[in-house]
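Architecture at a glance
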Amino acid sequence: MRYLIIWDEVGEDQFEREKVMLELEQECLEVYRRKVDTANISRARLHQQLAESEAEFTHLLLSLGERSLPGRPEKMAGTLKEQLNSITPALREMQLRKEERVKQFRVVQGQIHKISAEIAGQTEYNDSSSAVWVNENDLSLKKLEEYQNELQRLHSEKSDRLQRVEKYMSRIKNLSATLGMDSSLIITKVHPSLNELSGLSKNISDGILEKLDSTVKSLELEKQTRLDKLQQLGRALANLWHLMDTPYEDCQQFLHVTSLSSMASAEISSPGSLTPDIVLQAETEVKRLDQLKASKMKEFFFKKQIELEEICSRSHMEIPSRSEMEKIIDQINSGEIDHADLLTSMDEQISRAEEDAASRKVIMEKVEKWILACDEERWLEEYSRDENRYSVSRGAHKNLKRAERARVMVNKIPALVDLLISKTRNWEEERKKVFLYDEVPLLAMLEEYNMLRKEKEEEKQREREQKKAQSKVVTQHESPFGTRPGTSSHRLFDKSSNGGFGNATPLNRRLSLGVQQMGSNSISSPTESISFVKGGRKPHGQRKYTQKGFSYHLREDTVSVVSSFSGPFSP
């Protein structure tokens, strides 16, 4: 309207007025349009903000795993600004919840990554929270609980691994103390972090656990090896002490070694009980006692040898040759033979010798009676040759009584010899070996004796017949002045009384020639032969131990025994 007043005053024409009014209308329309566009843009922006807010709110609800926010209406009313103002606080609260939830996820996942790295044995790990990636699309409590459960499992596994590491380290320390080793060096060799002085977090990876396990096994193996060695040395010490009757005071220093003989590896835990020094000391002591035993073993062996020879000598059994004994002594000196086995062998030989002697006892008693009867037979033969046996002299009546007893014993000789032959054959069949008497078969001696006795009986019969024939010839050629008393009979007696190897009978001549062929060392009279059989072997110092000389000496003894039965029997 102001334009109109102005135009009226100015006197503007109608055309200009209409033109200006049209321009004004156009400008107003443009302004209106701009205002409308601005309002539309503002409304669209509000719609977009509202939609974005609602979308973000909905996303936050989904990511946090929540259905709705308490206090917020399901349907919003009012203007856009009112609706936007009503959702903004809820959205802000949900954003704060998200930030807090992300922090929780970062803490839990960070711990999970850290413990996983420790279990994996990673020495370098970036534990800053920014290095942890969190999936913000799933921040639900369920997912957080899953992570927390995983973290709890990892905590439990870490605790279990730490306990295993501690057990391994404790076991290593105990074994090292028992074996006399430095446990810190062994543990540091496995991994430096296991040393408490290092200040590092202990490595609990699978590789470290395997190394610790192998270390413990190697130490237990070393412990068992040393224990086996000490148990072996302990048994050796006990055997040596028992063998040499070592005083208790001398054994005290190594009683801890012998006490290990009956213990298992798990029962030994005392520090320093299986150190190398103890093993070395025990080995040194065993070597010292072995050397001492070697010298004493000779004494023990000689005693056993003498005991064996005495048993064999008493029972007239074969004695081991001197060369064999010297060979055994050489083996003892050179260490080629075990001393304990040698003594055991000698004890077994002595036991067998005693057993053989016991089995021969009955036969040997009969042999002694036979030898005694043969001795009496020899005395009776000499006594029968004495022409003055019936004269009155000192001791004559005793000789008569002895002669009566001797005749009784001599009459029992055949039965005694037959009994001996029977028992000897039974013994040989049972034992499956020959019964030797001073290394000569007893059966051969007895059979030879029977043969000689039979020959003597036949010779005796021929002598009686010859004597009768000579008596008849003498009677027929007697002079008228009578005979000289005792002349022919004396000559006859002289012929028959020459005993021993000079006797003229064929039997004695055969035995005499056989003995002479033996050499100058053979026994030269029945008296010596009987004395030899009765006395047994020669003394130990006078025996011939070489094989050739020893067998030759035995042949001499055998001939002398047989020759003792060559004399004539008494009538």
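Within every chain, residues take consecutive numbers counted from 1 along the sequence as written. Local features are withheld for residues below a pLDDT of 70 in this predicted model, meaning they are given only at 70 or higher, and side-chain atom pairs are given and counted only at 80 or more; totals for whole chains, interfaces and linings count all residues. Side-chain descriptors were evaluated using all non-hydrogen atoms of the structure, hydrogens and water having been removed beforehand.

All right, on to the overall build of the protein chain then. A run of DSSP states H or I qualifies as a helix once it reaches four residues; a run of E qualifies as a strand once it reaches two. Both are numbered from the N-terminal end. On a plain count of helices and strands, the protein chain comes out with 18 helices and 2 strands. The rule is simple: take the accessible area with a 1.4 Å probe, protein chains only, and divide by the maximum for that residue type; under 20% is buried, over 50% is exposed, in between is partly exposed. Buried residues in the protein chain amount to 35% of all 571 residues. When contacts within the protein chain are restricted to residue pairs at least 6 apart in sequence, those whose partners lie at least 24 apart make up 76%. Values of accessible area rely on a 1.4 Å probe in the Shrake-Rupley scheme; residue burial ignores everything except the protein chains shown. Total accessible area on the protein chain stands at roughly 35,600 Å², and carbon and sulfur atoms take up 52% of it. Here a residue-residue contact requires only that any non-hydrogen atoms of the pair lie within 4.5 Å.

To continue, consider the packing of helix α3 (residues 80–120) against helix α4 (residues 141–179). Helix-helix packing is described using two parameters, namely the angle between the two axes and the distance between the axes. Under this scheme, a helix contributes an axis fitted over its contacting stretch, all axes are lines through C-alpha atoms, and angles between N-to-C directions fall in the 0 to 180 degree range. Two numbers describe how α3 lies on α4: the axes approach to 9 Å, and their chain directions differ by 25 degrees. On the basis of the axis angle, α3 is roughly parallel to α4. The two elements α3 and α4 cross, and the hand of that crossing is left-handed. Between α3, through R101, Q104, F105, V108, Q109, Q111, I112, I115, S116, E118 and I119, and α4, the contact on the second element is made entirely by L141, K143, L144, Y147, Q148, E150, L151, L154, H155, E157, K158 and R161. When residues are sorted by character, Ala, Val, Leu, Ile, Met, Phe, Trp, Tyr, Cys and Pro go into the nonpolar class, Asp, Glu, Lys and Arg into the charged class, and all the rest, Gly among them, into the polar class. Residues that form the contact of α3 with α4 fall into these classes: 10 nonpolar, 6 polar and 7 charged. An angle below 35 degrees is read as roughly parallel, one above 145 as roughly antiparallel, one from 65 to 115 as roughly perpendicular, and any other as oblique. Here a crossing is taken to be left-handed if its near helix is turned anticlockwise relative to the far helix by less than a right angle, and right-handed if that turn runs clockwise.

With that out of the way, let us pick up the confidence of the model for the protein chain. When pLDDT is averaged along the protein chain, the result is 76; 76% of the residues meet or exceed 70. Put simply, helix α16 (residues 506–516) is where the protein chain has its lowest mean pLDDT, 34, and α4 is where it has its highest, 92. By definition, pLDDT measures how confident the predictor is in each residue, and it falls between 0 and 100. Overall, residues 479–571 carries pLDDT values under 50, and its contacts beyond four positions in sequence, including any with other chains, amount to 136 contacts.

Right, let's get into the packing of aromatic side chains. Only centres within 6.5 Å qualify two rings of Phe, Tyr or Trp (six-membered ring in Trp) as a pair; their planes then separate them into stacked at under 30 degrees, edge-to-face at over 60, and tilted for everything else. Applying the stated criterion across every chain yields a total of 4 aromatic pairs. Geometry around F435 places R360 over its ring, the cationic atom sitting 4.0 Å from the centre. The criterion is that NZ of a Lys, or CZ of an Arg, lies within 6 Å of the ring centre and within 35 degrees of the ring normal, and then a charge sits over that ring. Cation over ring: R402 sits above W379, and NZ or CZ is 4.1 Å from the ring centre.

A word on the pattern of salt bridges. Any Lys or Arg side-chain nitrogen found within 4 Å of a carboxyl oxygen on Asp or Glu counts as a salt bridge. Under the criterion given, the structure shown has 25 salt bridges. R431 serves as the salt-bridge partner of D356, at 3.4 Å between the closest nitrogen and oxygen. Highlighted residues: D356 in helix α11 (residues 339–385) and R431 in helix α13 (residues 413–431), separated in sequence by 75 residues. By relative accessible area, R431 is classed as partly exposed at 27%. Several salt bridges converge on common partners, so that one network encompasses E150, R153, E157, R161 and D206.

We now examine the nonpolar core. Counting residues in hydrophobic clusters, the biggest one holds 58 residues, and the most contacted among them are L194, L212 and L230. Mapped onto this core, the elements with two or more residues apiece are α2 (14–64), α3, α4, α5 (183–190), α6 (206–244) and α9 (276–314). Other than its neighbours up to four places away in sequence, L194 contacts V165, M169, I187, K202, N203, I208 and L212. Definition used in this section: a nonpolar core is a set of buried Ala, Val, Leu, Ile, Met, Phe, Trp, Tyr and Cys residues joined via side-chain atoms within 4.5 Å. The next biggest cluster of nonpolar side chains, apart from the first, holds 27 residues, and it includes A373, L380, W427 and V440.

Turning our attention to the UniProt feature "coiled-coil region" (unreviewed entry) in the protein chain. As recorded in UniProt, the sites labelled "coiled-coil region" (unreviewed entry) are residues 137–164. Between the end C-alpha atoms of residues 137–164 there is a gap of 39 Å, over a span that is 86% helix and 0% strand. UniProt positions are given in the numbering used here, feature names are shortened, and annotations may be inferred rather than shown by experiment.

The next point concerns a positive patch on the surface. What goes into a patch is any residue over 30% in relative accessible area without a salt bridge, connected to like charges within 9 Å or, for nonpolar side chains (Val, Leu, Ile, Met, Phe, Trp, Tyr), within 5 Å. We count Lys and Arg on the positive side and Asp and Glu on the negative side, and we leave His and both chain ends out. By convention, the charge on Lys lies at NZ, on Arg at CZ, on Asp at CG and on Glu at CD. On the surface, R464, K467, K468 and K472 cluster together into a patch of positive charge. Looking at the secondary structure, you find K472 in helix α14 (residues 442–476).

Glancing now at α3. Taking 1.5 Å per residue as the helical rise, α3 with its 41 residues ought to reach 60 Å, and the 56 Å between its terminal C-alpha atoms agrees with that figure. Two axes enter the bend calculation: one fitted to the seven residues ending at the residue in question, the other to the seven starting there, and the bend is the angle between them. Taken as a whole, α3 carries its principal kink of about 25 degrees at T88; the proline P89 stands between one and four residues after it. Positive phi appears at G121, one or two residues downstream of α3, with a value of about 85 degrees. Expected helix span is given by 1.5 Å per residue-to-residue step, counting one fewer step than there are residues.

This brings us to unusual backbone geometry. Outside of glycine, negative phi angles account for most residues, and trans bonds account for most peptide bonds. The phi dihedral of K432 is positive, around 60 degrees, even though this residue is not glycine. For K432, the position within the fold is in the loop between α13 and β1 (436–437). The backbone of D438 shows a phi angle near 55 degrees, a positive value even though the residue is not glycine.

Now for the environment of E428. Within the element layout of this structure, E428 appears in helix α13. Taking C-alpha positions, E428 is 9.8 Å from L443, a pair spaced 15 residues apart along the chain. The contacts of E428, once residues within four sequence positions are left out, are K433, V434, F435 and L443.

For the rest of this paragraph, the subject is the environment of K143. For K143, the location among the structural elements is in helix α4. Taking the C-alpha atoms as reference, K143 lies 9.5 Å from L64; in sequence the two are 79 residues apart. If sequence neighbours within four positions are ignored, K143 has contacts with F105 and D138.

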